[in-house]
Amino acid sequence: MNRPSRIPFTDLAAMTGEIAEEVAERWQRIIASSAFIGGRAVADFEAEWSDYCGTTECVGVGNGTDALRLVLTALGIGAGDEVVVPANTFVATAEAVCGAGAVPRFADVSPDTLLVTAESVRAAITPRTAAVIVVHLYGQVVDTAAISTVTGPAGIAVIEDAAQAHGATWGGRRAGSFGVAGAFSFYPGKNLGAFGDSGAVVTSDARLADRVRSLHDHGRVAGSHVRHEVVGTNSRLDALQAAVLSAKLRHLDRWTEARIAIARRYRDAMAGTVFRMAGTRPEARDVYHLAVTRVPDRDEVRRLLDALGVDTGIHYPTACHLHEPYQRFADSPLPVAERSATELLSLPMFPHMSEDQIGQVCEAIRLIHERYAVRGLVHA
């Protein structure tokens, strides 16, 4: 029997190859200008990204975690405040809350979509709640309008953690345009990824954007290099990263369509099997940063996929509130997040997957389901 070819969990080389020549040209212009931090390349990308997201303002920053923390600080959220975050998220969401001096308060998620809902947010709100961070996880979009019916009357700010949702939409509006601000990461593996760490804040609140601009540049007064009006930090977007992002942005929608087509093939292959992907909704256009499925006996299924040449990931094996630094903030069980963390398994997902690679993953799903059917565990 021939050994199956190996399918990587992700492969950035093809995307890089498409934009390498353009990046090299842009980099030569940056070298000639010596504008390595800020400058034309950063201003151009900020304008392009705000336009793409449907907002009026964009501030490039050092990474996605800083983007969240800077928004919280710019809103005056800190000591004595609580911020609701989903338990099913990467720790950076809660980390940013702690970094701003506030306290994360964890909410459970929908058993279908694994996203926060108006009901789960309502259950987590207390008199100290100053903001809710909705996380558009895996490339899905939270129903922010429904959550705003809970937060709006209480004067609670809604912030979007859109680090995994570049270009995702709800009702035709893109992630980042629903809350008071949206925070993006451009970590290399994201749908729109740089060649290193970088991030952005988008908003249509000009005053909020100005506060973020000051905070991310050592608290400087606009237009001055030597006057500092607040205690800030150093979290600026490098010109090289901006050049990479501008080059990639022209391809993002096409790459997104490829991801959607791959996910559709996966869903078809999973029909009637032990595999099930997170639910999708008719109002949403999910962009599949990750192809997350839930399976019984996750470790065994992962081992079988590995034997069939399919690399996988887990996002995330431990609910956020169960990590040691955050356990003190959890005051009750969050059963959906806790159980799903034991079942989650991410399949290969990158826009340049070949037909053979997609077919091999789908065949592996079928073979593993048959193995479970023989064992009588199809409905486990």
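In case you missed it, the structure is sitting above this.
Residues numbered from 1 in each chain as written. Predicted model: local features only at pLDDT ≥ 70, side-chain atom pairs only at ≥ 80, totals over all residues. Heavy atoms only, no water.

Visitor: I'm lost on the overall build of the protein chain in this one. Help?
Guide: Secondary structure assignment for the protein chain yields 12 helices and 13 strands. Its C-alpha atoms give the protein chain a radius of gyration of 21 Å, near enough to 21 Å, the size a compact globule of 380 residues would have. In terms of principal-axis extent, the alpha carbons of the protein chain reach across some 70 × 55 × 35 Å. Split into buried and exposed, the 380 residues of the protein chain put 55% on the buried side. Counted over contacts in the protein chain with a minimum sequence separation of 6, partners at least 24 positions apart contribute 70%. As displayed, the protein chain offers around 16000 Å² of accessible surface, 52% of which is attributable to carbon and sulfur atoms. In the protein chain, the 37 positive side-chain charges and the 44 negative ones have mean positions that sit 1 Å from each other. (Helix = DSSP H or I, 4+ residues; strand = E, 2+ residues; numbered from the N terminus. Rg over C-alpha atoms; globule rule 2.2 N^0.38 Å. Buried < 20%, exposed > 50% of the residue type's maximum accessible area, 1.4 Å probe, protein only. Contact = heavy atoms within 4.5 Å. Areas by Shrake-Rupley, 256 points an atom, 1.4 Å probe, with all protein chains shown as cover. Lys, Arg positive; Asp, Glu negative; His and termini not counted. Charge placed at Lys NZ, Arg CZ, Asp CG, Glu CD.)

Visitor: Can you walk me through the pattern of salt bridges in this structure?
Guide: Between side chains of opposite charge, a pair can form when the charged atoms approach closely. Tallied over the entire structure, the rule returns 24 salt bridges. Of the charged contacts, one joins aspartate 253 and arginine 174 as a salt bridge, the two residues approaching to 3.9 Å between their closest N and O atoms. One end of the pair, aspartate 253, is in helix 9 (residues 252-270); the other, arginine 174, is in strand 7 (residues 173-174), and 79 residues separate them in sequence. Among the residues examined, aspartate 253 registers a relative accessible area of 33% and is labelled partly exposed. (Salt bridge = Lys/Arg side-chain N within 4 Å of Asp/Glu carboxyl O.)

Visitor: I'm lost on unusual backbone geometry in this one. Help?
Guide: Trans peptide bonds make up most of the peptide bonds, and negative phi angles are found at most residues other than glycine. Omega for the peptide link from histidine 315 to tyrosine 316 comes to 10°, which places this bond in the cis form. Examined against the element boundaries, tyrosine 316 turns out to sit in the loop between helix 10 (298-307) and helix 11 (335-340). Of note in the backbone geometry, histidine 218 takes a positive phi value of approximately 65° without being a glycine. Mapping histidine 218 onto the fold places it in the loop between helix 7 (206-215) and helix 8 (239-249). With a phi close to 50°, aspartate 297 is a non-glycine residue in the positive phi region.

Visitor: Would you explain helix 2 (residues 39-53) in this entry?
Guide: In an α-helix, one turn spans 3.6 residues, which is why side chains three or four residues apart end up on the same side. Over its 15 residues, helix 2 runs 22 Å from end to end, which matches the ideal 21 Å to within 8%, given 1.5 Å per residue. Positive backbone phi, approximately 85°, marks glycine 54, located one or two places after helix 2. (Expected span 1.5 Å × (residues − 1).)

Visitor: How should I be thinking about the packing of aromatic side chains in this particular structure?
Guide: What describes a pair of aromatic rings is the distance from one ring centre to the other and the angle between the planes of the rings. Counting across every chain of the model gives 9 aromatic pairs. The structure contains a cluster of three or more aromatic residues connected by ring pairs, namely Phe45, Trp49, Tyr52, Phe184 and Phe186. Lying across the ring of tyrosine 52, arginine 174 places its NZ or CZ 3.7 Å from the centre. (Phe/Tyr/Trp six-rings, centres within 6.5 Å; stacked < 30°, edge-to-face > 60°. Lys NZ or Arg CZ within 6 Å of the ring centre and 35° of its normal.)

Visitor: Just checking my understanding: could you explain the nonpolar core for this structure?
Guide: In summary, soluble globular proteins display a tendency toward joint burial of nonpolar side chains. Counting residues in each nonpolar core, the largest one holds 60 residues, and the members touching the most others are Leu72, Val83, Phe106, Val116 and Ile133. For leucine 72, the residues in contact, after removing those within four places along its chain, are Ile77, Val83, Ala96, Val97, Ala100, Ala131, Ile133 and Ile159. (Core = buried A, V, L, I, M, F, W, Y, C linked by side-chain atoms within 4.5 Å.)

Visitor: What is the right way to read the environment of alanine 243 from this model?
Guide: Structurally, alanine 243 is set in helix 8. On the basis of relative accessible area, alanine 243 is assigned to the buried category, the value being 3%. Residues alanine 243 and alanine 24, spaced 219 residues apart in sequence, show a C-alpha to C-alpha distance of 9.2 Å. With sequence-adjacent residues up to four places away left out, alanine 243 is seen in contact with Arg26 and Ile30.

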